[in-house]
Amino acid sequence: MPKTKQSKRRKRFDYNTDRKKLKKKFLKKANPRIEHAQIRNAWDNNKSMARNLQEMGLSFDPNRTVPIKKQTLLRGDTDDRGPAPIVTKPYILTKLQEEASLQEKDSKTLSSDLIEYVQHMIREHKDNYKAMARDEKNYYQDTPKQIKRKINEYKRCHPQLYQAFVSSLAAPEPMDQ
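Scope of this entry: the structure provided in the associated data block. Quick caveat, the model's predicted, so the values are computed rather than measured. (Residues numbered from 1 in each chain as written. Predicted model: local features only at pLDDT ≥ 70, side-chain atom pairs only at ≥ 80, totals over all residues. Heavy atoms only, no water.)

Here's the deal with unusual backbone geometry
And step 1. Within the chain, K126 stands out as a residue other than glycine whose phi angle is a positive 55°.
And step 2. By relative accessible area, K126 is classed as exposed at 55%.
And step 3. Look at Q141: it is not a glycine, yet its phi comes out positive at around 55°.
And step 4. Its place among the elements puts Q141 in the loop between α8 (129-134) and α9 (144-157). (Buried < 20%, exposed > 50% of the residue type's maximum accessible area, 1.4 Å probe, protein only. Helix = DSSP H or I, 4+ residues; strand = E, 2+ residues; numbered from the N terminus.)

Comments concerning the pattern of salt bridges
And step 1. Overall, the coordinates contain 5 salt bridges when judged by the stated rule.
And step 2. Between E153 and K108 there is a salt bridge whose closest N-O contact spans 2.4 Å. In this pair, E153 is assigned in helix α9 and K108 in the loop between α6 (90-101) and α7 (112-125), connecting sequence segments 45 residues apart.
And step 3. For E153, the salt bridge is made with R156, and the minimal N-O distance between the two is 3.0 Å. Here R156 and E153 lie together in helix α9, a separation of 3 residues that amounts to about one turn.
And step 4. Exposure remark for R156: the relative accessible area of 45% places this residue in the partly exposed category.
And step 5. Several salt bridges share partner residues, and in doing so they unite K47, E55 and K89 into one network. (Salt bridge = Lys/Arg side-chain N within 4 Å of Asp/Glu carboxyl O.)

As for the nonpolar core
Nonpolar side chains tend to gather and get buried jointly when the protein is soluble and globular.
And step 1. In this structure, V118, I122, I151 and Y154 are the most contacted members of the largest nonpolar core, which totals 13 residues.
And step 2. Secondary structure elements with two or more residues in this core: α7, α9 and α10 (159-170).
And step 3. It is α7 that contributes the most residues to this core, 5 residues altogether.
And step 4. Beyond its immediate stretch of four places on either side in the chain, Y154 contacts L110, I115, V118, Q119, L161, Y162 and F165. (Core = buried A, V, L, I, M, F, W, Y, C linked by side-chain atoms within 4.5 Å. Contact = heavy atoms within 4.5 Å.)

Written as structure tokens, this is what we have:
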């Protein structure tokens, strides 16, 4: 098979490419960035991934760490686990456990237009979803179930705002004389 014309040509040095940038780019692809700050600081680039994770008390291969036990006919207690790995960086494991135990705040919110829409529907029709579906402000022609779902979402995302709104509806309005 004949060689291509370009491979026969003499190699020339490219003065326009920055070798330092190329090396950085290559290393960045070879070693991806670790998002967790504690793990990133404790990571040793001279050691393998398995060794790094073992020192932190984490598992590289969960199938090896917690193997599936084979069923035997005779129930002989045979412990075929090897010696426990030595954890030299336990502070990372404790930090990960602390972060996992923190309860995540529900950050979901609704748009101001949807909040206004739901408040209008409740103000006008209370809990009559069929009347809400026929309302002229129902631009997207939501069905009664869709409107009910939106109201429930509003109750779930903004419970204090919903309670304040309902209590303001229940309070009698002062009459001018």
